[in-house]
Amino acid sequence: MKTLLSRLDLSYIYAFLSEATLGLTFIFYIILARILGPEQYGMFAAATALVGILAFFIQFGLPALLGREVAANPQEGSKSTIKFLLLEGLNSLPVLILLLPLAHALGFKGTGITICYLVVLAEICRSAKQTLRSVFRGLGQFRTESISVAIERFLVVLLAGLILFLSEDLVWVVATLVLVRMLDILGLLYYLGKKTQISSPISFKSLLQTLRMAYPFAISSVLWILYYQIDILMLKGLATTEEAGLYSAAYRLIEIFSSLPRVIFLVTFTRFARCQATEPERLPEEIHKSAYLLLAGVLPVLVTAGLFQTPLVETIYGQAFSPAINSLTILLPSLGIKMFGTLVEYFLQATGREKSLPPLLLTTVIINIVSNGILIPRMGAVGAALATLLSEIVLATFGLSLMIRIGYKRVGQRLLLIAVISLLVAAIPSLMLNGLNLIVAIGLMVLSLAIIIFLMRHNYFLKQFE
């Protein structure tokens, strides 16, 4: 614990608090559904789903790219803030033009069309907020970012909630959401402009150059979305609606636990980018620190959650969703190796090797689709979970192999072995649910943890670089 605390700085705490405030939004959506009823809330949910897809064209990987540029060179990188926001605004124009025929094609009429446009405006504001958050993180101002996110989400819930209770009108509620986000963006721009220079001369050539730099980030985002949505779509087509519902319930729980490694990656991304720009020889040290935090902060949570999978599912979803435990026993351990695949993803993006990601993710998507096509007809939701596990193993293995090939041989080799053992540790509670003897389970756990501790020793992990 003392070693963990010495490696932990407040940036991780602030990043965690930023993620934790999502609970406010979750609660607000529950209240929205209860007051508006299934019909109006269904309209809002459908509009949000449509805009969630269109958001790719608005952001186009720009927030991640700007975060890397600012982290690598805070003085110069922050000067591109207005340019990136302008690009997102220009990207929004074709989305706004195409939205009307798309909405009509999907059955939106009257008020539904208005809701769609308001949700798009809210998404444009959210994309701008993501971009400004990337600037704050790149500057190392995680505390400021956390405060700004908390204030925005609190005001959204407070004011939109007040309008909801007074009017019970979805249009006014979403309009209030848009207004709060717009004012928040203006306030952040004013604040950021006082702290650092956020603009520089903009030309058509520089806009095109920025889009060319952003496209690998954008393609990776699309493939990532496909990777996670394809399971549900194939379950609906190849199995029953019930199987799709069971898998979806299990996957929603996984998303909760996925937020823990994301907290670490929000910080380590900027650390990687800054090291690459100023002290590339220190990158192995940063990789070691990130891996240590993942193992110390995430792996114990996965093991604990694995021991309580049954009450977790039945308490949240009820007895009717008990079969979802079969999928959860596979999906939950997959996070043990997935976090190392994601570590590679952030490492490649932060160090200017983002063009390596689309082929890596495309390979993973293809394997996921083929595996689903083979396993779902035979095993339903459990087959989809197995396909996801296989995809995570492939992503982490190929990603770490790529790290080995680009010059981080010993670090990549150690991480690959640690990732496999981490998967085993996270899987032990699931294996116990399926009949593994307690004594054998304890023995496996102790042995696996001993090997991880040995491999993670600072001097041994970084031996090549000393």
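Given the structure is predicted, the values throughout are model-derived calculations rather than measurements.

Asks: An account of the pattern of salt bridges is needed here, citing residue identities and associated values.
Replies: Overall, the coordinates contain seven salt bridges when judged by the stated rule. Lys-79 is the partner of Glu-76 in a salt bridge, and the nearest nitrogen-oxygen pair spans 3.2 Å. A residue is classified by how much of its surface remains accessible, and Glu-76, at 45% relative accessible area, is partly exposed. The class of Lys-79 is partly exposed, set by a relative accessible area of 21%. Here Arg-282 and Glu-279 are joined by a salt bridge, their closest N and O atoms 3.8 Å apart. Classification of Arg-282 by relative accessible area gives partly exposed; the value is 30%. Linked through salt bridges whose partners overlap, the residues forming this network are Lys-129, Glu-152, Arg-181 and Asp-184.

Asks: Help me get a handle on the environment of Glu-285, residues and values and all.
Replies: The topology assignment puts Glu-285 in helix α12 (residues 283-297). The partly exposed category is assigned to Glu-285, whose relative accessible area is 30%. Sequence spacing of Glu-285 and Phe-461 is 176 residues, and the spatial spacing of their C-alpha atoms is 9.0 Å. Discounting residues that sit within four places of it in the chain, Glu-285 has contacts with His-458 and Leu-462.

Asks: Got a sec to walk through a nonpolar patch on the surface? Specific residues and values, please.
Replies: The grouping of Leu-24, Ile-147, Ile-151, Phe-154, Leu-155, Leu-158 and Leu-159 at the surface amounts to a nonpolar patch, some 570 Å² of accessible area in total. It is helix α8 (residues 142-167) that provides the largest number of residues to the nonpolar patch, a total of six residues. Relative to the helices and strands, Ile-151 resides in helix α8.

Cut-off values and rules
Residue positions are counted from 1 within each chain, in the order its sequence is given. Totals for whole chains, interfaces and linings use every residue, but because this is a predicted model, local features are given only for residues with pLDDT of at least 70 and side-chain atom pairs only at 80 or more, for both listing and counting. Derived side-chain values reflect all non-hydrogen atoms in the structure, with water molecules and hydrogen atoms excluded from consideration. One side-chain nitrogen of Lys or Arg within 4 Å of one carboxyl oxygen of Asp or Glu is enough to make a salt bridge. To sort residues, take the accessible area from a 1.4 Å probe on protein chains only and compare it with the maximum for the residue type: under 20% means buried, over 50% means exposed, and anything in between is partly exposed. What counts as a helix is a DSSP run of H or I of at least four residues, what counts as a strand is a run of E of at least two, and both are numbered from the N terminus. Two residues qualify as a contact provided that any one of their heavy atoms is within 4.5 Å of a heavy atom in the partner residue. Two distance rules govern patches: like charges are joined within 9 Å, and nonpolar side chains (Val, Leu, Ile, Met, Phe, Trp, Tyr) within 5 Å, applied only to residues with over 30% relative accessible area and no salt bridge. The protein chains shown are the only cover counted for residues, whose accessible areas, like all others here, come from Shrake-Rupley with a 1.4 Å probe.

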